[in-house]
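Structural characterization, general
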Amino acid sequence: MATKENSGSTDAESTQKTVNAVLDAVARTAPEVRRGLPGRRIAIEGKNPSGEEQKAADVYTDELLLERIGSISNVGVYASEERASGVDVGSGLSVCVDPLDGSSNLEPNAAMGTIVAIYDDDLPASGRDIVAAAYVLYGATTTMIVARSNKETVTEYVIHESGDYQVVREELTLPENPSVYGFGGRVPHWVEEFEEYVSEVESDPSMKLRYGGAMIGDVNQVLTYGGIFGYPTLTNAPEGKLRVQFEGYPVGYILEKAGGASSDGRKSLLDVEKDDLHARTPVYVGNEGLIDDLEAALADRY
Ligand code: FBP
């Protein structure tokens, strides 16, 4: 585990150099992840630390990323959704990975992603310790969205079969007029105030339902068309399903950098404080107006 003095000792320049090295490693690994998916959709014994079924593809992707990211100097800890605790790989930044977000989409050949959050502190870190967040989307093409602490904007890259990646959209910002929405969890488990909010959203003729079952695919719809994605608080799971360190913080960081907003129902996802590496939180990200309306709708619950 990176020690406090180590994790805080990296200066801005070496931090961004390490961020670049991590992003290069993730981009280079993406084509290999895609090539390794056929034949790995079977479930394997055991569960991940969140108690969910692991696929061979989850474990394969996690092992590739540990090997690549773990060998980068100035990376102190590699942690993943698939491992109970972080792996000490030296000293420096902490890297949290959801190796294959939405792996249940492998069987129906639908979109999946890899999520990366880089923190300049020990784990579990705070959302305000993020120095970079990124996600790879395995869709019709392979793309990567990146947000950095030393840049006010979000960049989209396409990743080629070689692992080389090039900019396709600089200064990516959420469109002002939202048009898509997607919410997870079973409707009978939505709390009443949320159900009323969703009815409001659905009554807007400009809004279309886009829910694909992999957060990264759904969030990318919101980033492209404007709108809102949420995996909400549920009556049978008040903290929802998504993990703070591996999903909530990085996606909240990216959407806020793109001029949108994030929330756990009350406040920015980046201000959620949890002392467990695999803690969950309700996740809502999208256009500021939609998030403000959501927080107003849920206000009576808190
Ligand atoms: P993992 O696959 O990384 O566990 O991610 C959880 C997830 O697949 C999200 O990507 C997605 O938003 C959500 O679960 C879908 O949940 P559900 O199957 O309940 O709609």
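Residues numbered from 1 in each chain as written. Predicted model: local features only at pLDDT ≥ 70, side-chain atom pairs only at ≥ 80, totals over all residues. Heavy atoms only, no water.

- In the annotation of an unreviewed UniProt entry, the chain is listed under the name Fructose-1,6-bisphosphatase class 1 and assigned to Halobellus limi.
- Here is the UniProt Subunit (unreviewed entry) comment for the chain, exactly as written: "Homotetramer."
- On record in UniProt, under Subcellular location (unreviewed entry), the comment for the chain is "Cytoplasm". (UniProt positions renumbered as here; feature names shortened; annotations may be inferred.)

**A closer look at the site of the ligand**
- Among the 17 residues in the neighbourhood of the ligand, the closest are listed as Asp101, Gly102, Tyr211, Met215 and Tyr231.
- Within the contact set of the ligand, an oxygen atom lies 2.9 Å away from a side-chain nitrogen or oxygen of Asp98.
- Met215 is positioned with one of its backbone polar atoms (N or O) 2.8 Å from an oxygen atom of the ligand.
- Relative to its unbound accessible area of 470 Å², the ligand is 81% covered by the protein chains.
- For the shell around the ligand, the secondary structure elements donating two or more residues are strand 5 (93-101) and strand 13 (227-231).
- Partitioning the shell around the ligand into residue classes produces 7 nonpolar, 3 polar and 7 charged. (Near = heavy atom within 4 Å. Polar contact = N/O pair within 3.5 Å; in protein donor to acceptor, adjacent residues only side chain to side chain. Areas by Shrake-Rupley, 256 points an atom, 1.4 Å probe, with all protein chains shown as cover. Helix = DSSP H or I, 4+ residues; strand = E, 2+ residues; numbered from the N terminus. Nonpolar A, V, L, I, M, F, W, Y, C, P; charged D, E, K, R; others polar.)

**Points about the sheet that holds strand 15 (residues 283-286)**
- With respect to topology, 5 strands assemble into an open sheet ordered 12-11-13-15-14, the strand pairing being mixed. At either margin of the open sheet sits one strand with a lone partner, and together these are strand 12 (208-209) and strand 14 (261-263).
- When strand 11 (residues 180-183) meets strand 12, the two strands line up parallel, connected through 2 bridges. Looking at strand 12, one finds that Val180 is bridged to Lys208.
- On top of the sheet, helix 4 (residues 192-203) reaches strand 11, strand 13 and strand 15; it is set at about 155° to strand 11, its chief contact.
- The strands touched by helix 5 (residues 215-225) within the sheet are strand 11, strand 13 and strand 15, with strand 13 carrying the most contacts at an inclination of about 160°. (Pairing = 2+ DSSP bridges. Contact = heavy atoms within 4.5 Å. Axes fitted to C-alpha atoms, helices over the stretch in contact; angles between N-to-C directions.)

**Some words on the nonpolar core**
- Counting 57 residues, the largest nonpolar core has Phe194, Tyr197, Leu223, Phe229, Ile254 and Leu255 as the members making the most contacts within it.
- When residues of this core are assigned to their parent elements, the largest contribution, 7 residues, is made by helix 6 (residues 244-257).
- Ignoring any residue separated from it by four or fewer positions in sequence, one finds Phe194 in contact with Phe183, Pro232, Tyr284, Leu294 and Leu298.
- Judged by nonpolar contacts, the second largest core, of 35 residues, contains Leu23, Tyr60, Ile72 and Tyr138. (Core = buried A, V, L, I, M, F, W, Y, C linked by side-chain atoms within 4.5 Å. Buried < 20%, exposed > 50% of the residue type's maximum accessible area, 1.4 Å probe, protein only.)

**Concerning the packing of aromatic side chains**
- Following the criterion strictly, the structure yields 9 aromatic pairs and no others.
- Here Tyr119 and Tyr249 contribute two aromatic rings whose centre-to-centre distance is 6.2 Å and whose plane-to-plane angle is 65°, an arrangement assigned as edge-to-face. Remark: Tyr249 occurs in helix 6 and Tyr119 occurs in strand 6 (residues 112-119); sequence separation between them is 130 residues.
- Of the residues examined, Tyr249 reaches a relative accessible area of 1% and is grouped as buried.
- Here Arg40 stacks its cationic end above the ring of Tyr60, 3.7 Å away from the centre of that ring. (Phe/Tyr/Trp six-rings, centres within 6.5 Å; stacked < 30°, edge-to-face > 60°. Lys NZ or Arg CZ within 6 Å of the ring centre and 35° of its normal.)

**What about the sheet that holds strand 10 (residues 165-172)?**
- Spatial ordering of the open sheet is given by 4-3-5-6-7-8-9-10, a layout of 8 strands whose pairing is mixed. Where the open sheet ends on each side, the last strands, each with one partner, are strand 4 (87-88) and strand 10.
- Here 5 bridges tie strand 3 (residues 75-80) to strand 5, and the two strands are oriented parallel to one another. Bridge pairing in strand 5 links Tyr78 to Val95.

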